[in-house]
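Structural overview for review
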Amino acid sequence: MSSRHRVLVVGAGGLGSPVLRLLAESAVEHVTVVDDDVVEESNLHRQTLYTEEDLGRPKIECAKERLLDASPKLSVSVVEGRFVPSTATKLLDGHTLVVEGADNLATKFLVADAAHLAQIPAVQAGAVRWNGWAWCALPDSACLRCLFEDIPQDRVETCAEAGVVGPVVGVLGGLQAALIFRLLAGERPGGELWHYHALEGVLRQTRVRRRSDCPLCTGEIQDLRMERYTTPCVA
Ligand SMILES: [Zn+2]
């Protein structure tokens, strides 16, 4: 596994917690964590990076401490804020891949678009209640827009509103970490979509193909203008 990898992690919540713990044990050179939340009591059952002593503290501060506890030689930087169009390209700069575990679809599309334009892999996941998905896009594989076409304009429940079961984000964060480790080992899991349905006890993998009319893969989308990511899903 290469030690030259620099990983940007967008979101240090339920998905980011297992991802960050596992990244700390990997041979990556540098991790940057972007998040704008503080630790709340309702987070603790699924955001396993944090304890009661962290309540009220910024997640990025706590996450940095946990990463350095686990791996003192790891280079860690943190950015307090949201991943938004005006800063996305700059935040990705210097990173070899991006991992996303945000709680809204607009950020997921922004990460996907920004990663594709920067020509780096994106490992993404989402979860609501008992179900979720994890996925990897490479610059030359299917992208998130091949998979979901566009951000739904109807109001979509976020995991913060609908709730998510702790073990579901644990499994999906673990799957994200597995995809990352495979990328670091030189594999190419681009286009792999993992679906997890906890109540049915089903974990299923499918391979997504590029859509010939995908606006990102065909080069129609060339920038990250704000209106593409302004939806009712964004708080
Ligand atoms: Zn595409």
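Please refer to the structure placed before this passage.
Scope of this entry: the structure provided in the associated data block.

About the thresholds
- Residues numbered from 1 in each chain as written.
- Predicted model: local features only at pLDDT ≥ 70, side-chain atom pairs only at ≥ 80, totals over all residues.
- Heavy atoms only, no water.
- Helix = DSSP H or I, 4+ residues; strand = E, 2+ residues; numbered from the N terminus.
- Rg over C-alpha atoms; globule rule 2.2 N^0.38 Å.
- Buried < 20%, exposed > 50% of the residue type's maximum accessible area, 1.4 Å probe, protein only.
- Contact = heavy atoms within 4.5 Å.
- Areas by Shrake-Rupley, 256 points an atom, 1.4 Å probe, with all protein chains shown as cover.
- Lys, Arg positive; Asp, Glu negative; His and termini not counted.
- Charge placed at Lys NZ, Arg CZ, Asp CG, Glu CD.
- Donors = N, O, S within 2.8 Å, 3.2 Å for Na, K, Ca; no water.
- Tetrahedral: all angles 85-135°; square planar, octahedral: opposite > 155°, others 65-115°.
- Pairing = 2+ DSSP bridges.
- Right-handed = clockwise from strand over helix to strand, strands pointing away.
- Axes fitted to C-alpha atoms, helices over the stretch in contact; angles between N-to-C directions.
- Parallel < 35°, antiparallel > 145°, perpendicular 65-115°, else oblique.
- Left-handed = near helix turned anticlockwise from the far one by under 90°.
- Nonpolar A, V, L, I, M, F, W, Y, C, P; charged D, E, K, R; others polar.

1. Description of the overall build of the chain
Helix and strand content of the chain: 7 helices and 8 strands. Computed over its C-alpha atoms, the radius of gyration of the chain comes to 16 Å, within 12% of the 18 Å expected for a compact globule of 235 residues. Overall size of the chain, expressed as C-alpha extent along the three principal axes, is 50 × 40 × 35 Å. Counting every position in the chain, which comprises 235 residues, the buried fraction comes to 52%. Pairs at least 24 residues apart make up 68% of the contacts formed inside the chain by residues separated by at least 6 positions. Carbon and sulfur atoms provide 50% of the accessible area of the chain, an area that totals close to 10,800 Å². A distance of 6 Å separates the average location of the 24 positive side-chain charges in the chain from that of its 31 negative side-chain charges.

2. A closer look at the coordination of the zinc ion
In this structure, Cys-143 (SG), Cys-146 (SG), Cys-214 (SG) and Cys-217 (SG) serve as the protein donors to the zinc ion, at separations of 2.3 Å. Geometry at the zinc ion is tetrahedral, judged from the 4 donor atoms that bind it and their angles of 100 to 120 degrees at the metal. Read in sequence order, the donor residues coordinating the zinc ion give the pattern C-x2-C-x67-C-x2-C. On the criterion of sequence distance, the pair formed by Cys-143 in the loop between strand E6 (131–137) and helix H5 (144–148) and Cys-214 in the segment after strand E8 (202–207) is long-range, its members being 71 residues apart. For the residue pair Cys-143 and Cys-214, the accessibility class agrees, reading buried in each case.

3. Notes on unusual backbone geometry
Despite not being glycine, Gln-119 shows a phi value in the positive range, around 60 degrees. Within the chain, Arg-129 stands out as a residue other than glycine whose phi angle is a positive 50 degrees. By the element assignment, Arg-129 lies in the loop between strand E5 (122–128) and E6.

4. Quick notes on the pairing of strand E3 (residues 75–80)
As defined by bridge partners, strand E2 (residues 30–35) adjoins E3 across 6 bridges and the pair is classed as parallel. In the strand pairing of E3, His-30 is matched with Ser-75. For the crossover from E2 across helix H2 (residues 59–70) to E3, the handedness is right-handed.

5. Points about helix H1 (residues 16–24)
In an α-helix there are 3.6 residues to a turn, and that puts residues three or four apart on one side. Among the 9 residues that make up H1, 7 are buried, leaving the element largely enclosed by the rest of the structure. Burial in H1 covers these residues: Gly-16, Ser-17, Pro-18, Val-19, Leu-20, Leu-23 and Ala-24. Next to the buried residues of H1 lie strand E1 (6–10), E2, H2, strand E4 (97–100) and helix H7 (166–184).

6. Focus on the packing of H1 against H7
Between H1 and H7, the least distance of the axes is 7 Å, while the angle of their chain directions is 40 degrees. Taken as axis vectors, H1 and H7 run oblique relative to one another. In terms of crossing hand, the pair formed by H1 and H7 is right-handed. Residues Pro-18, Val-19, Leu-22 and Leu-23 of H1 pack against Val-169, Gly-170, Gly-173, Gly-174, Gln-176, Ala-177, Ile-180 and Phe-181 of H7. Split into classes, the residues belonging to the contact of H1 with H7 amount to 8 nonpolar, 4 polar and no charged.

7. Description of the packing of helix H3 (residues 85–92) against helix H4 (residues 105–118)
With their axes 10 Å apart at the nearest point, H3 and H4 run at an angle of 45 degrees to one another. On the basis of their axis angle, the class for H3 and H4 is oblique. As for how H3 packs across H4, the hand of that crossing is right-handed. The residues of H4 that touch H3, namely those facing Pro-85, Ala-88 and Leu-92, are Leu-110, Ala-114, Ala-115 and Ala-118.

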